[in-house]
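Structural overview
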Amino acid sequence: MVRIDIITCLPRLLDSFFAHSILKRAIDANHAEVVVHDLRDYSTSKHKNVDDYAFGGGAGMVMMIEPIANCIRSLQAKRTYDEIIYMTPDGERFEQKTANMLSMCQNLIILCGHYKGVDERVRQHFITKEISIGDYVLSGGELAAAVVSDAIIRLIPGVLNDETSALTDSFQDNLLAPPVYTRPADFEGIKVPEILLSGHEKKINDWRLEQSIERTKARRPDLLG
Ligand code: 6GU
């Protein structure tokens, strides 16, 4: 069971993501709990502002420290958090090993960045981990937070139907997954590799490993070190 508290100024954007498919099932079955918090609810200003002009000038608004501090502190008053994560393009690149590590945590906070980012003091005093999902810029951290949450939640035992299936994912052993096939065995003359129809488990496993290695060499030689 992992609990993820997501702090955002666009809560609606995240609601729909967790309301479907595997993630919804995981949440319904109490394997995971995702609570989305609207940063505006923690604003102390009259107009419920969560951002303001940058000191020193320049274009773009900066997310204020006060609403974020209020929200994080109110969460910390109720439970202890393993990590307080800030989603930002200048964070550490998200990889499977990070997902594996985070899936063993009990309580996580994910803060979604917006505008020109958050006041640096939030990063210095509250954040324990900064994550980017790749070298490109999104308009907000919400999609990135959804990506990270999905990668974590699907690893929790019981979430996937076949518990071994996360173990054979691409990247779990630094190899890409082998090709897969289903019926029909012959589609308009395009045939499934014979070996997969042989019922010979050892030979099939050897073939799959060989295919994984070939595919990794061709597409992601960097993974082979
Ligand atoms: Cl975490 N946030 C934003 N805004 N853009 C990103 C990202 C995060 N990761 C990659 N691009």
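Cut-off values and rules
Residues numbered from 1 in each chain as written. Predicted model: local features only at pLDDT ≥ 70, side-chain atom pairs only at ≥ 80, totals over all residues. Heavy atoms only, no water. Near = heavy atom within 4 Å. Polar contact = N/O pair within 3.5 Å; in protein donor to acceptor, adjacent residues only side chain to side chain. Areas by Shrake-Rupley, 256 points an atom, 1.4 Å probe, with all protein chains shown as cover. Helix = DSSP H or I, 4+ residues; strand = E, 2+ residues; numbered from the N terminus. Pairing = 2+ DSSP bridges. Axes fitted to C-alpha atoms, helices over the stretch in contact; angles between N-to-C directions. Contact = heavy atoms within 4.5 Å. Core = buried A, V, L, I, M, F, W, Y, C linked by side-chain atoms within 4.5 Å. Buried < 20%, exposed > 50% of the residue type's maximum accessible area, 1.4 Å probe, protein only. Domains from an automatic or database assignment. Right-handed = clockwise from strand over helix to strand, strands pointing away. Phe/Tyr/Trp six-rings, centres within 6.5 Å; stacked < 30°, edge-to-face > 60°.

**Topic: the site of the ligand**
- Near the ligand, the surroundings consist of 13 residues, among which Thr-88, Ile-133, Gly-134, Tyr-136 and Leu-138 are the closest.
- Between Tyr-136 and the ligand, the recorded distance is 2.5 Å, taken from a backbone N or O atom to a nitrogen atom.
- Within the backbone of Leu-138, an N or O atom sits 3.0 Å from a nitrogen atom of the ligand.
- When isolated, the ligand has an accessible area of 290 Å², and the protein chains bury 96% of it.
- Elements with a contribution of two residues or more to the shell around the ligand: strand E5 (83-93) and strand E7 (129-132).

**Re the sheet that holds strand E6 (residues 107-112)**
- An order of E2-E1-E6-E5-E7 is seen for the five strands of this open sheet, with the pairing classed as parallel. Of all strands in the sheet, those bounded by a partner on one side alone are strand E2 (32-38) and E7. Neighbour-to-neighbour, the strand axes of the sheet open up by a mean angle of 30 degrees, direction not taken into account.
- Summarising the sheet, strand E1 (residues 2-8) and E6 pair through five bridges and their orientation is parallel. Residue Ile-4 lies in a different strand from E6, and its bridge partner there is Leu-108.
- Across the face of the sheet, helix H6 (residues 142-153) comes into contact with E1, E2, E5, E6 and E7 while running at roughly 180 degrees to E1.

**Re the nonpolar core**
- Ile-6 and Leu-102 are the most contacted members of the largest nonpolar core, which totals 31 residues.
- Listing elements by their share of this core, those giving two or more residues are E1, helix H1 (11-18), helix H2 (21-28), E2, E5, helix H4 (96-102), E6 and H6.
- A total of seven residues in this core trace back to one element, the largest contributor, which is H6.
- Listed in part, the 19 residues of the second largest apolar core include Leu-39, Met-63, Ile-109 and Phe-126.

**Brief notes about the side chain of His-37**
- The residue His-37 is located in strand E2 in this model.
- With relative accessibility at 10%, the residue His-37 sits in the buried group.
- A distance of 2.7 Å separates polar atoms of two side chains, one belonging to His-37 and the other to Asp-5.

**Some words on unusual backbone geometry**
- The linkage connecting Arg-183 with the following residue, Pro-184, adopts the cis geometry, with an omega of 5 degrees.
- Assignment of secondary structure puts Pro-184 in the loop between H6 and strand E8 (186-187).
- Here Lys-48, not a glycine, exhibits a phi torsion of approximately 60 degrees, which is positive.
- For Lys-48, a relative accessible area of 40% corresponds to the partly exposed category.
- Positive phi is not limited to glycine here, since Tyr-115 has a value of about 50 degrees.

**Focus: the domain arrangement of the protein**
- Looking at the assigned domains, one finds that the protein contains domain 1 (2-153) and domain 2 (170-224).
- Computed over C-alpha atoms, the centres of domain 1 and domain 2 are 37 Å apart.

**Digging into the pairing of E5**
- Across five bridges, E5 lies against E6 in parallel orientation. Note on E6: the bridge partner recorded for Ile-85 is Ile-110.
- In this fold, the crossover linking E5 to E6 by way of H4 has right-handed handedness.
- As paired elements, E5 and E7 share five bridges and run parallel to each other. By the bridge assignment for E7, Arg-93 is matched with Ser-132.

**Description of the packing of aromatic side chains**
- Enumeration according to the criterion identifies one aromatic pair in this entry.
- Note on Phe-17 and Phe-18: the rings are 5.2 Å apart at their centroids and 85 degrees apart in plane angle, and the pair reads as edge-to-face.
- Residue classification places Phe-18 among the buried positions, given a relative accessible area of 8%.

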